[in-house]
Amino acid sequence: MKAQRTNSRERILAAAADVARESGPGSLSLDAVASRAGVSKGGLLYNFPTKAKLMQGLVEGYLREFEQALETASSNDNGANPLAVYIRLSAKDCEDKQPSASWIFSAIAEDPDFMSPIKTFKRQLFQRLKSETPDLKSLLVCYLAIEGLRSMNLFDADVLSPDERQLLVSSLLEIAGSSDVGPARAKRP
């Protein structure tokens, strides 16, 4: 029985991600998600009692995917500088167009705990990078610059040209002590 619930939960999250990509998270309809997932609205509400909980599940899924991509990129680079791996992966991730921030604000208004998994993930990621990066000053500069890129992307306020963005990423890789300062290579799965 539990395996079936997990399966329907995953189907619901996959359907929600599809609907959010197609119509934007702000227009995410529980009815549309239930229909796409092939479950009743009651089945959806059993797994995700509110729209905010559904969006929180989407965010948690994104964070898991990013963590897996980071692990994969780190293992593929055979002992490469962990900060450089994070910079490349994050820069590539920021190139993807993000949905409007309005859905985040509406989710926070409905349930302030929406930000909990994001805060936890960022805290753990920073601590991990801190333990793997010998130069705290370099880590702080690189981490905060990448978070700035993420924020500009999220709020659709990116003021950098592609050349300026590439210069920033190359500069961050140089600060991180990477010998490879070429364009971002890692791709999210």
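Rules used throughout
Residues numbered from 1 in each chain as written. Predicted model: local features only at pLDDT ≥ 70, side-chain atom pairs only at ≥ 80, totals over all residues. Heavy atoms only, no water. Helix = DSSP H or I, 4+ residues; strand = E, 2+ residues; numbered from the N terminus. Buried < 20%, exposed > 50% of the residue type's maximum accessible area, 1.4 Å probe, protein only. Contact = heavy atoms within 4.5 Å. Areas by Shrake-Rupley, 256 points an atom, 1.4 Å probe, with all protein chains shown as cover. Expected span 1.5 Å × (residues − 1). Polar contact = N/O pair within 3.5 Å; in protein donor to acceptor, adjacent residues only side chain to side chain. Arc of directions from axis to C-beta. Salt bridge = Lys/Arg side-chain N within 4 Å of Asp/Glu carboxyl O. pLDDT = per-residue confidence, 0-100. Patch = residues over 30% accessible without salt bridge, like charges linked within 9 Å, V, L, I, M, F, W, Y side chains within 5 Å. Axes fitted to C-alpha atoms, helices over the stretch in contact; angles between N-to-C directions. Parallel < 35°, antiparallel > 145°, perpendicular 65-115°, else oblique. Nonpolar A, V, L, I, M, F, W, Y, C, P; charged D, E, K, R; others polar.

What the chain contains, in helices and strands, is nine helices and zero strands. Taken from N to C terminus, the helices and strands of the chain fall in the order α-α-α-α-α-α-α-α-α. Taking all 189 residues of the chain together, 39% fall into the buried category. Contacts spanning at least 24 positions in sequence make up 68% of the contacts within the chain whose residues lie at least 6 apart. As presented, the chain carries roughly 10300 Å² of accessible surface, and 56% of it is formed by carbon and sulfur atoms.

Further remarks concern helix H4 (residues 51–76). Helix length check: H4 (26 residues) gives 37 Å between terminal C-alpha atoms against 38 Å at 1.5 Å per residue, within 8%. For H4, the side-chain oxygen to backbone nitrogen distance between the N-cap and lysine 53 is 3.0 Å, and the N-cap itself is threonine 50. With its phi angle positive at about 40°, asparagine 78 sits one or two positions after the end of H4.

Let's shift gears to helix H2 (residues 30–37). Every buried residue belonging to H2 is among Leu30, Val33, Ala34 and Ala37, and all of these are buried. Angularly, the buried residues of H2 cover 100° about the axis, an arc narrow enough to put them on a single face. Between a side-chain oxygen at the N-terminus of H2 and the backbone nitrogen of aspartate 31 the separation is 3.2 Å; the capping residue is serine 29. A positive backbone phi angle near 75° is found at glycine 38, which sits one or two residues after H2.

Time to look at the side chain of threonine 133. Examined against the element boundaries, threonine 133 turns out to sit in the loop between helix H7 (116–132) and helix H8 (136–154). One polar contact links the side chain of threonine 133 to the main-chain carbonyl oxygen of leucine 129, over a distance of 2.7 Å. Each residue touching threonine 133, except ones within four places of it in the same chain, is listed here: Leu83 and Leu139.

Turning our eyes to something else, we now look at the pattern of salt bridges. Within this structure, the stated rule accounts for eleven salt bridges. The salt bridge involving arginine 128 is made with glutamate 132; its shortest N-O contact spans 3.6 Å. Placement of both arginine 128 and glutamate 132 in helix H7 is noted, with a separation of four residues, approximately one turn of the helix. In this structure, aspartate 158 engages arginine 165 in a salt bridge whose closest nitrogen and oxygen atoms are separated by 1.9 Å. Three or more residues joined by partner-sharing salt bridges are found here, namely Glu67, Glu71, Arg128 and Glu132.

The next subject is the confidence of the model for the chain. Model confidence for the chain is summarised by a mean pLDDT of 82, while 80% of its residues fall at 70 or above. Across the chain, the secondary-structure element scoring lowest on mean pLDDT is helix H6 (residues 102–110), at 64, and the one scoring highest is helix H9 (residues 162–175), at 96. Ignoring residues within four places in sequence, the model shows residues 179–189, a span with pLDDT below 50, making 30 contacts including any to other chains.

This brings us to a nonpolar patch on the surface. Taken together, Leu136, Leu140 and Leu144 make up a surface patch of nonpolar side chains, about 270 Å² in accessible area. Note on placement: leucine 136 falls in helix H8.

Turning our eyes to something else, we now look at the side chain of serine 138. Considering the arrangement of structural elements, one finds serine 138 in helix H8. A distance of 2.5 Å separates polar atoms of two side chains, one belonging to serine 138 and the other to aspartate 135. Setting aside anything within four residues of it in sequence, one finds serine 138 in contact with Leu83 and Ile175.

This next bit is on the packing of helix H5 (residues 82–95) against H8. H8 packs onto H5 with a crossing angle of 10° between their chain directions and a minimal axis gap of 10 Å. When the axis of H5 is compared with that of H8, the two are roughly parallel. Across the interface between the two elements, Leu83, Tyr86, Ile87, Ser90, Ala91, Asp93 and Cys94 of H5 pack against Ser138, Leu139, Cys142, Tyr143, Ile146, Glu147, Leu149, Arg150 and Asn153 of H8. Its residues assigned to classes, the contact of H5 with H8 shows ten nonpolar, three polar and three charged.

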